[in-house]
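Summary of the model geometry
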Amino acid sequence: MLNGHNDIIKYKAEPAEMPFPQSLFTDSRLLLGTAQYPSPTLMQQAIAKAQPAMVTVSLRRQGSIEGGAEFWQMVKQTGVPVLPNTAGCRSAKEAITVAQMSREVFATELIKLEITGDDYNLQPDPFALLEATTELINQGFKVLPYSTDDLVLCQRLVEAGCQVVMPWGAPIGSGKGLLNPYALKTLRARLPDVFLIIDAGIGSPSHACQAMELGFDAVLLNTAVSQAADPVLMAGAFSQAVAAGRAAYLAGQMQSRETASPSTPVLGTPFWQQS
């Protein structure tokens, strides 16, 4: 209860803190990966152009730059918050270990949880994903699980304590876009209060725009930018597409029709035929 006029003034002067995960996406709803760029310099330039909310990094990456101190310093120089992930893990135990290491290295409770279950389409393992999610949440992590678009799995992840779920649009790195819009629309409708991020399969800015028009809260992508002929220009295109899709969703799109309807109706007889 408020006690006196001073308490009322103090209460009004202290705006409520924006809740997680909305607080991570105040300026941008794009997340960008840091792998497979032609050069580290192009990676930095693409990040600067896109101005993403977060960039993803992994302890499991191999190479002379990625995974090393030099790469990490270049990521930090961008000034963009980091979302570590468990890419490359194939069991709940392995993913939990990598998540614990990532928390120490990157000093964050956030973890994008990835556990591969199939070598051909790199589909996430739903059973290991749910197991690892439950354990990591018990350890105090804020888990962002990368999953398929299966409704029941996503519901179980939410029940386990996830405030964010990251269903795929298509297999990772495929660039095929949103293969099952019906499933994605169902997820959005059935999980209205969950922060949903389309992760994987995005190939073009139009795919990202479509995801945002469906009401998804953000888009994460990597290959579509890093493997573009001009990664920096493409990063800017995706930033604009995500913003446009979000604006279109908030604006409320017209309903489609089976028949034509004139945008400028004609009433009565044209003036030049009137006597």
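Note that the coordinates shown come from a computational prediction; the quantities given were computed from them, not determined experimentally. (Residues numbered from 1 in each chain as written. Predicted model: local features only at pLDDT ≥ 70, side-chain atom pairs only at ≥ 80, totals over all residues. Heavy atoms only, no water.)

A few points about the overall build of the protein
Secondary structure assignment for the protein yields 10 helices and eight strands. When contacts within the protein are restricted to residue pairs at least 6 apart in sequence, those whose partners lie at least 24 apart make up 66%. As displayed, the protein has an accessible area near 14,900 Å², and 53% of this comes from carbon and sulfur atoms. (Helix = DSSP H or I, 4+ residues; strand = E, 2+ residues; numbered from the N terminus. Contact = heavy atoms within 4.5 Å. Areas by Shrake-Rupley, 256 points an atom, 1.4 Å probe, with all protein chains shown as cover.)

Points about the pattern of salt bridges
Inspection of the entire model under this criterion finds six salt bridges. Ionic pairing is found between Arg90 and Asp119, a salt bridge with its closest N-O pair at 2.6 Å. Pair noted here: Arg90 is in the loop between β3 (82-85) and α4 (92-106) and Asp119 is in the loop between β4 (110-113) and α5 (126-138), with a separation of 29 residues, a long-range link. Classification of Asp119 by relative accessible area gives exposed; the value is 56%. Between Glu109 and Arg103 there is a salt bridge, and its shortest N-O distance comes to 3.0 Å. (Salt bridge = Lys/Arg side-chain N within 4 Å of Asp/Glu carboxyl O. Buried < 20%, exposed > 50% of the residue type's maximum accessible area, 1.4 Å probe, protein only.)

Here's the deal with the packing of α4 against α5
Between α4 and α5, the shortest axis-to-axis distance is 9 Å and the interhelical angle comes to 40 degrees. In this structure, α4 meets α5 at a crossing whose hand is right-handed. Touching Ala92, Ile96 and Ala99 of α4 are Ala128, Glu131, Ala132, Glu135 and Leu136, all from α5. Split into classes, the residues belonging to the contact of α4 with α5 amount to six nonpolar, no polar and two charged. (Axes fitted to C-alpha atoms, helices over the stretch in contact; angles between N-to-C directions. Left-handed = near helix turned anticlockwise from the far one by under 90°. Nonpolar A, V, L, I, M, F, W, Y, C, P; charged D, E, K, R; others polar.)

With respect to the side chain of Arg188
Take Arg188: it is sitting in helix α7 (residues 181-190). On the accessibility criterion, Arg188 (12% relative accessible area) is buried. The contacts of Arg188, once residues within four sequence positions are left out, are Asp193, Val194, Leu196, Leu214, Gly215, Phe216 and Asp217.

What about helix α6 (residues 151-159)?
Among all positions of α6, only Leu151, Leu153, Cys154, Gln155 and Leu157 are buried. Against α5, β5 (142-147), β6 (164-167) and α7 lie the buried residues of α6. For α6, the N-terminal capping position is held by Asp150, with its side-chain oxygen 3.2 Å away from the main-chain nitrogen of Val152. Positive phi shows up at Gly161, right after α6, with a value of about 125 degrees. (Polar contact = N/O pair within 3.5 Å; in protein donor to acceptor, adjacent residues only side chain to side chain.)

Description of the confidence of the model for the protein
Overall, the predicted model of the protein reaches an average pLDDT of 88, with 87% of residues at or above 70. With pLDDT under 50 throughout, residues 1-15 is counted as low confidence; its partners more than four residues away or in other chains account for three contacts. (pLDDT = per-residue confidence, 0-100.)

A short note on the pairing of β4
Burial along β4 is two-sided: Leu110 and Lys112 facing one way and Ile111 and Leu113 facing the other are all buried. Looking at chain direction, β4 and β5 are connected through four bridges and run parallel. When the sheet's bridge partners are listed, Lys112 is paired in β5 with Leu144. A crossover connection joins β4 to the parallel β5 through α5; in handedness this β-α-β unit is right-handed. (Pairing = 2+ DSSP bridges. Right-handed = clockwise from strand over helix to strand, strands pointing away.)

Quick look at unusual backbone geometry
Residues Phe20 and Pro21 are joined by a peptide bond in cis, for which omega reads 5 degrees. The residue Pro21 is located in the loop between α1 (5-13) and β1 (30-33) in this model. Unusually for a residue other than glycine, Leu122 sits at a positive phi of about 55 degrees. On the basis of relative accessible area, Leu122 is assigned to the partly exposed category, the value being 33%. At Ala200, a residue that is not glycine, the phi angle is positive and equals roughly 90 degrees. Here Ala200 is to be found in the loop between β7 (195-199) and α8 (205-213).

What about the pairing of β5?
Burial analysis of β5 places five of its six residues in the buried class, which makes it a mostly covered element. Summarising the sheet, β5 and β6 pair through two bridges and their orientation is parallel. Its bridge partner being in β6, Ser147 is matched across the sheet by Pro167. For the handedness criterion, the β-α-β arrangement of β5, α6 and β6 is classed as right-handed.

Examining the side chain of Thr148
Within the secondary structure, Thr148 is located in the loop between β5 and α6. Here Thr148 falls in the buried class, since its relative accessible area comes to 10%. Look past the residues within four positions of Thr148 in its chain and what remains in contact with it is Gln123, Pro124, Leu153, Cys154, Pro167 and Trp168.

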